[in-house]
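Here is what each chain is made of, one letter per residue.
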Amino acid sequence: MPIFDSHLHLARLPQPLKLAAELHRRGYRYTAVACEPWEWEALDRIWAEASGAGWLDGCGRAYGIHPMIASEFAEAANPNFEKKLAELRRLLESDPNAQVGEAGLDKRYAGYEPGGAQEDVFRRQAEMALELGRDLQIHCVGDYGRIIRVLREAGFGVKRPHPIFHRFGGDAGIVKAGLSLGALFSIHADTLRKKATREALALIPRANLLFETDADETFIETLVATRGPKDDVTPQEVAVMLEETLKEVSSRFSPARE
Ligand SMILES: [Zn+2]
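Residues numbered from 1 in each chain as written. Predicted model: local features only at pLDDT ≥ 70, side-chain atom pairs only at ≥ 80, totals over all residues. Heavy atoms only, no water.

Caption draft 1: View of the packing of helix 1 (residues 16-26) against helix 2 (residues 37-52). At their nearest, the axes of helix 1 and helix 2 sit 10 Å apart, and the two run at 40 degrees to each other. It follows that helix 1 is oblique to helix 2 by the angle criterion. At the point where helix 1 passes helix 2, the crossing takes the right-handed sense. Counting all contacts with helix 1, which are made through Pro16, Leu17 and Ala20, the residues of helix 2 involved are Ile46, Glu49 and Ala50. (Axes fitted to C-alpha atoms, helices over the stretch in contact; angles between N-to-C directions. Helix = DSSP H or I, 4+ residues; strand = E, 2+ residues; numbered from the N terminus. Parallel < 35°, antiparallel > 145°, perpendicular 65-115°, else oblique. Left-handed = near helix turned anticlockwise from the far one by under 90°. Contact = heavy atoms within 4.5 Å.)

Right, here's the structure in full:
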């Protein structure tokens, strides 16, 4: 059975409609993630066209507010925040299978401090995920402990919906805490770079594991760097690189447990 790519930014890749058709043809299935308003709109449009043609059968989507833009939304003085949350809710309600996210914390961006804008925006999305019964795609660069605390406070438990730790980079303590909240852990090539994370993966049952490419603009830059900028990249080239990347991640990780 082909593996599923649990996190890919379809709207950030070139010729996304043609790419969706090509991926469908190859049996490549994925969750398309949109993490800021322009990307929500783009994905919504792509979805409407591509799903009509059947190109998204077996795929899913996610809408959320990434921590990189959280602070510009959450300023108390910004009336836009509630408007954007309402828009997010409308998109989620338009697809009962859509997930929330990616949402979370990232120490490289403004509003990261405890109790800051990022935490506020993350908490609101965690609450929305619970209320609508949707899995939550979580982005974390920095404080995994704080993510766990917010999830607990919001009411996540072992039952559905699940927190999904996208591009997981935590240690054994976070795996244990996450499992107690019913979490899934999505493995990216970067996940395997850190020793503490690699070792922690042994604690995750197969049923709680996912694999991902997190493909976006930088994925295409890498593709261009490896084959040279001779022409524009084609959907076929992107599809092949996605397949190779995902296969590489899942083959380097070979769990023997159930
Ligand atoms: Zn992402």
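Caption draft 2: Layout of the packing of helix 9 (residues 217-227) against helix 10 (residues 235-252). Contact geometry for helix 9 and helix 10: axes closest at 11 Å, N-to-C directions at 100 degrees. Judged by the angle between their axes, helix 9 and helix 10 are roughly perpendicular. Residue-level contacts link Phe219, Ile220, Thr222, Leu223 and Arg227 of helix 9 to Glu237, Val238, Met241, Leu242 and Thr245 of helix 10. For the contact of helix 9 with helix 10, the per-class residue count stands at six nonpolar, two polar and two charged. (Nonpolar A, V, L, I, M, F, W, Y, C, P; charged D, E, K, R; others polar.)

Caption draft 3: Structural view of the coordination of the zinc ion. Taken together, the protein donors to the zinc ion comprise His7 (NE2), His9 (NE2), Glu102 (OE) and Asp214 (OD), at separations of 2.1 to 2.5 Å. Coordination at the zinc ion is irregular: its four donor atoms span angles of 89 to 173 degrees at the metal. For the zinc ion, all donor residues lie on one chain, and their spacing in sequence is H-x1-H-x92-E-x111-D. Here histidine 7 is found in strand 1 (residues 4-8), whereas its partner glutamate 102 is found in strand 4 (residues 99-106), with 95 residues between them in sequence. With respect to class, histidine 7 is no different from glutamate 102; both count as buried. (Donors = N, O, S within 2.8 Å, 3.2 Å for Na, K, Ca; no water. Tetrahedral: all angles 85-135°; square planar, octahedral: opposite > 155°, others 65-115°. Buried < 20%, exposed > 50% of the residue type's maximum accessible area, 1.4 Å probe, protein only.)

Caption draft 4: Just the pattern of salt bridges, in detail. A full pass over the atoms with the stated rule returns 24 salt bridges. As a salt-bridge pair, arginine 26 and glutamate 243 come within 3.2 Å of each other at their nearest N and O atoms. Here glutamate 243 lies in helix 10 and arginine 26 lies in helix 1, a separation of 217 residues in the sequence. The partly exposed category is assigned to glutamate 243, whose relative accessible area is 24%. (Salt bridge = Lys/Arg side-chain N within 4 Å of Asp/Glu carboxyl O.)

Caption draft 5: The side chain of arginine 61, seen in detail. Examined against the element boundaries, arginine 61 turns out to sit in strand 3 (residues 60-63). At 2.8 Å, the side chain of arginine 61 and the side chain of aspartate 95 are in polar contact. If we ignore the near neighbours within four places in the chain, the residues touching arginine 61 are Thr31, Ala32, Leu43, Asp44, Trp47, Ser94, Asp95, Asn97, Ala98 and Gln99. (Polar contact = N/O pair within 3.5 Å; in protein donor to acceptor, adjacent residues only side chain to side chain.)

Caption draft 6: Looking closely at the environment of tyrosine 28. Along the chain, tyrosine 28 falls in the loop between helix 1 and strand 2 (29-34). Along the chain, tyrosine 28 and isoleucine 3 lie 25 residues apart, while their C-alpha atoms are 7.6 Å from each other. Look past the residues within four positions of tyrosine 28 in its chain and what remains in contact with it is Asp5, Leu8, Leu23, Thr213, Leu242, Glu243 and Leu246. A distance of 2.7 Å separates a polar atom in the side chain of tyrosine 28 from a polar atom in the side chain of aspartate 5.

Structural measurements only, silent on function.
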